[in-house]
Amino acid sequence: MGQWPIVALLLLFGILYSFGLNSYGMFLWDEAEYASIGRSVLHGQGFAISGVPNKLRPPVLPLAGAAGLFLFGEQSGDLVLRGIAGGFALLALLCVYGFATASFDRTTGFTAAALLGISPFFWTYVPHFLSEIPFLVFFTAAVWFFHFGIYRDQRFFLWSWICWALAFLTRYTASLFLPVILLFIAVAWWSGGADTRGRLMSRWFFLSPLAGLLLLGPWFGREYITFGNALAGLKQASQQLQVYMPEVSMPWNFYLRRMPALLSLGIAVLFAAGVIWATWRRDRFSLHCVLTAAVILAWFSCYRYKEDRMVSSALPFMAIVAAVFLRQATGRLRPLTRGAVLSVLLAGIFFLNLRVARPVLERWVTLGYPGFVDGMAFLRQHATPGAMVLGANFPQIHWYTNLRVENIPEENELSEALRHSEWVVITNFEPMQKPYVLALARLVPMDPTSGESAVFSDKECVTVVVRSQKLLQALGR
């Protein structure tokens, strides 16, 4: 058969994902941060947003974005960066195929990659220029290489720690790698033989982490020089879920209940059957996948605030377990019959999941679109180059205008901020906007023909763009 099935699969998914590159209208806050940092790097201004160094976002995704903008230009920035995200998605499918094939066979690898690619969450998340899918690639590779290092060849430990470092430089949640490998080591030491324990006592096991630390060194150095603390970004990231939306508290079993929606009901059933099969047959690789997925779900279930994307790194492990069950269930069939049965099953799951993914990709838009994008076009047209803009959703304003942006200050500091800025952007959809700001829009008469102020709205969302001087006059200051 050669490698043509996975090549055909990647080509198919490349075409499929390309149809969704224009989905969601505009970038979210987080996407705009990554995109702005990438553009700043491209322009030689460092890891910064509107000239302010950023410590929260690790470098892999912004660097990938900078490379994409360099190669394909900045004119279609959103489309280029979403294409980069699509490339990471295809890399994730290739990663799953490669490890599943190495552990079982090509049929299992092909099936696992297909199941991951058509799972609703993964499918609909591809157009987002966010770190979850790139992280998923490096984290799963790190975990599987570590497994291979324990049970096959200790030299895989080196590749595991390199992939872990890349995962850490993509999302700080790569620290979750530590409890996973500690469980792997405990299981191996308890149930493994002399060869397994020998690999755990090898020089490769003890020295390979140095390769990961070597890759992290430049980033830690930058953090220390810029912020005085090499772990400044990790510290801020570790507090995000604890302080975000303090009024919201979700049940402990939120992620368990969300699994059928993330995977689809069909894949979730196959995964559950795969867990039973792996336990019954004591299949080591499948059980380690189950263990890793369980650690991820349990870890993030402990937080008060929960969001689907937090546990997305569990999906490749679940896809492999589901694929292994499918492969074993059809194992006694003749090759042609087995291929036909698997093709029909995958096609059926694909069309069922298409009914879920298509409405999301075609109808869902980022809150504020299209009025906000129209407002940013107005701002680009009327603002002087390098003008200072005040706005609550400053990463999005900066990305779509390339102007200097600061957050709107507290009310007692507003007058001074208006005197040192040229424009103000006020919205009714940004949750981080201070409560008093929205009322300011009612003080200024809107006249888009004057080039001094304008309002852009759809049924629910409103974006107001007004000159700072005009707002200052309306305030009588």
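**Q** Provide a residue-level description of the overall build of the protein, including the pertinent values.
**A** Regarding its fold elements, the protein presents 22 helices and seven strands. Radius of gyration (C-alpha) of the protein: 25 Å, near the 23 Å computed for a compact globule of 477 residues. Along the three orthogonal principal directions, the C-alpha set of the protein runs to about 80 × 50 × 45 Å. Expressed as a percentage of its 477 residues, the buried residues of the protein come to 53%.

**Q** Tell me about the pattern of salt bridges, and please be specific about residues and values.
**A** Scanning the model with the defined rule gives 14 salt bridges in all. A salt bridge links Glu33 to Arg57; the shortest N-O distance between them is 2.6 Å. You can see Glu33 sitting in helix H2 (residues 29-42) and its partner Arg57 sitting in the loop between strand E2 (52-53) and helix H3 (60-72), a full 24 residues away along the chain. The pair formed by Glu33 and Arg57 is uniform in burial state, with each residue classed as buried. The residue Glu132 makes a salt bridge to Arg309 at a minimum N-O spacing of 3.2 Å. Of the two residues, Glu132 is situated in helix H7 (residues 132-151) and Arg309 in the loop between helix H16 (284-301) and helix H17 (315-329); the sequence distance between them amounts to 177 residues. By sharing partners, the salt bridges in this structure join Asp30, Glu33, Arg57, Glu132, Arg171, Glu307 and Arg309 into a single network.

**Q** Can you lay out the packing of aromatic side chains for me, pointing to particular residues and giving the numbers?
**A** Here the structure, examined in full by the defined rule, presents 36 aromatic pairs. Judged by centre distance (4.8 Å) and plane angle (20°), the ring pair of Phe121 and Tyr125 falls under stacked. Note that Phe121 and Tyr125 are positioned in helix H6 (residues 120-125) at a spacing of four residues, about one turn of the helix. Residue classification places Tyr125 among the buried residues on the basis of a relative accessible area of 9%. Aromatic rings pair up to connect Phe135, Phe139, Phe146, Phe157, Trp161, Trp164, Phe168, Tyr172, Phe177, Phe205, Phe206 and Phe220 into one cluster. When the ring centre of Phe148 is taken as reference, the NZ or CZ atom of Arg152 above it lies at 4.4 Å.

**Q** Before we move on, can you summarise unusual backbone geometry with the specific residues and values?
**A** The step from Tyr369 to Pro370 runs through a cis peptide bond, and the omega angle for that step is 5°. Positionally, Pro370 belongs in the loop between helix H18 (335-363) and helix H19 (371-382). The phi dihedral of Tyr24 falls on the positive side, at around 75°, and the residue is not glycine. When its relative accessible area of 6% is taken as the criterion, Tyr24 is described as buried. The backbone phi angle of Asn402 is positive, close to 60°, even though this residue is not glycine.

**Q** Describe the pairing of strand E5 (residues 423-427), and please don't skip the residues or the numbers.
**A** Taken across its five residues, E5 has five buried, putting it largely inside the fold. Across five bridges, the pairing between E5 and strand E7 (residues 462-467) is antiparallel. When the bridges of E7 are listed, Ile426 appears paired with Val464.

**Q** Explain the state of the cysteines residue by residue, including any values.
**A** Per the stated rule, a full pass over the model turns up zero disulfides. Lacking any disulfide linkage, Cys95 is separated from the closest cysteine sulfur, that of Cys163, by 7.6 Å. Accessibility expressed as a relative area gives 11% for Cys95, which makes it buried.

**Q** Now, about helix H5 (residues 106-118): what can you tell me, with residues and values included?
**A** The end-to-end C-alpha distance of H5 is 18 Å, a good match for the 18 Å that 13 residues give at a rise of 1.5 Å each. The element H5 is largely enclosed, with a buried count of ten among its 13 residues. Of the positions making up H5, those classed as buried are Thr108, Gly109, Thr111, Ala112, Ala113, Ala114, Leu115, Leu116, Gly117 and Ile118. The N-terminus of H5 is capped by Asp105, whose side-chain oxygen sits 3.2 Å from the backbone nitrogen of Thr107.

**Q** Give a description of the environment of Leu346 that names residues and reports values.
**A** Considering the arrangement of structural elements, one finds Leu346 in helix H18. Taking the C-alpha atoms as reference points, Leu346 and Asn229, 117 residues apart in sequence, are found 49 Å from one another.

**Q** Just give me the short version of the packing of H7 against helix H8 (residues 156-168), but keep the residues and values in it.
**A** Between H7 and H8, whose axes approach to 7 Å, the crossing angle comes to 160°. In this view, H7 runs roughly antiparallel relative to H8, as classed from their interaxial angle. Considering how the two elements wind past one another, H7 and H8 form a crossing that is left-handed. Contacts between H7 and H8 involve Phe135, Phe138, Phe139, Ala141, Ala142, Phe145, Phe146, Phe148, Gly149 and Ile150 from the first element and Phe156, Phe157, Trp159, Ser160, Trp161, Cys163, Trp164, Leu166 and Ala167 from the second. Class assignment of the residues belonging to the contact of H7 with H8 gives a composition of 17 nonpolar, two polar and no charged.

Reading guide: rules and limits
- Sequence order as written defines the numbering, with residues in each chain counted from 1.
- Local features in a predicted model are, by the rule used here, given only for residues with pLDDT of at least 70; side-chain atom pairs are given and counted only at 80 or more, and totals for whole chains, interfaces and linings are based on all residues.
- Side-chain measures were taken over the full set of non-hydrogen atoms in the model, leaving aside hydrogen atoms and water.
- Segments assigned H or I by DSSP are reported as helices when at least four residues long, segments assigned E as strands when at least two residues long, and all are numbered from the N terminus.
- Radius of gyration means the value over C-alpha atoms here, while the globule rule gives 2.2 Å times the residue count to the 0.38 power.
- Whether a residue is buried, partly exposed or exposed follows from its accessible area with a 1.4 Å probe, protein chains only, as a fraction of its type maximum: under 20%, in between, or over 50%, in that order.
- Any carboxyl oxygen of Asp or Glu within 4 Å of a side-chain nitrogen of Lys or Arg constitutes a salt bridge here.
- Only centres within 6.5 Å qualify two rings of Phe, Tyr or Trp (six-membered ring in Trp) as a pair; their planes then separate them into stacked at under 30 degrees, edge-to-face at over 60, and tilted for everything else.
- Working rule: Lys NZ or Arg CZ, within 6 Å of ring centre, within 35 degrees of ring normal, means a charge sits over the ring.
- In this scheme, strands are said to pair when DSSP sees at least two bridges between them.
- Disulfide: a pair of cysteine sulfur atoms within 2.5 Å of each other.
- To estimate the expected span of a helix, subtract one from its residue number and multiply by 1.5 Å.
- The definition of a polar contact used here is a pair of N or O atoms within 3.5 Å, where within protein one atom must be able to donate a hydrogen and the other to accept one, and adjacent residues in sequence count solely through side-chain atom pairs.
- Geometry is summarised by axes, namely lines fitted to C-alpha atoms with helices restricted to the contacting stretch, and by angles between N-to-C directions that run from 0 to 180 degrees.
- Note on angle classes: values under 35 degrees are labelled roughly parallel, values over 145 roughly antiparallel, values of 65 to 115 roughly perpendicular, and the remainder oblique.
- Note on convention: near helix rotated counterclockwise from far helix by under a right angle means a left-handed crossing. Clockwise means right-handed.
- In what follows, a contact means two residues having at least one pair of non-hydrogen atoms within 4.5 Å.
- In this classification, the charged set is Asp, Glu, Lys and Arg, the nonpolar set is Ala, Val, Leu, Ile, Met, Phe, Trp, Tyr, Cys and Pro, and all remaining amino acids, among them Gly, are polar.

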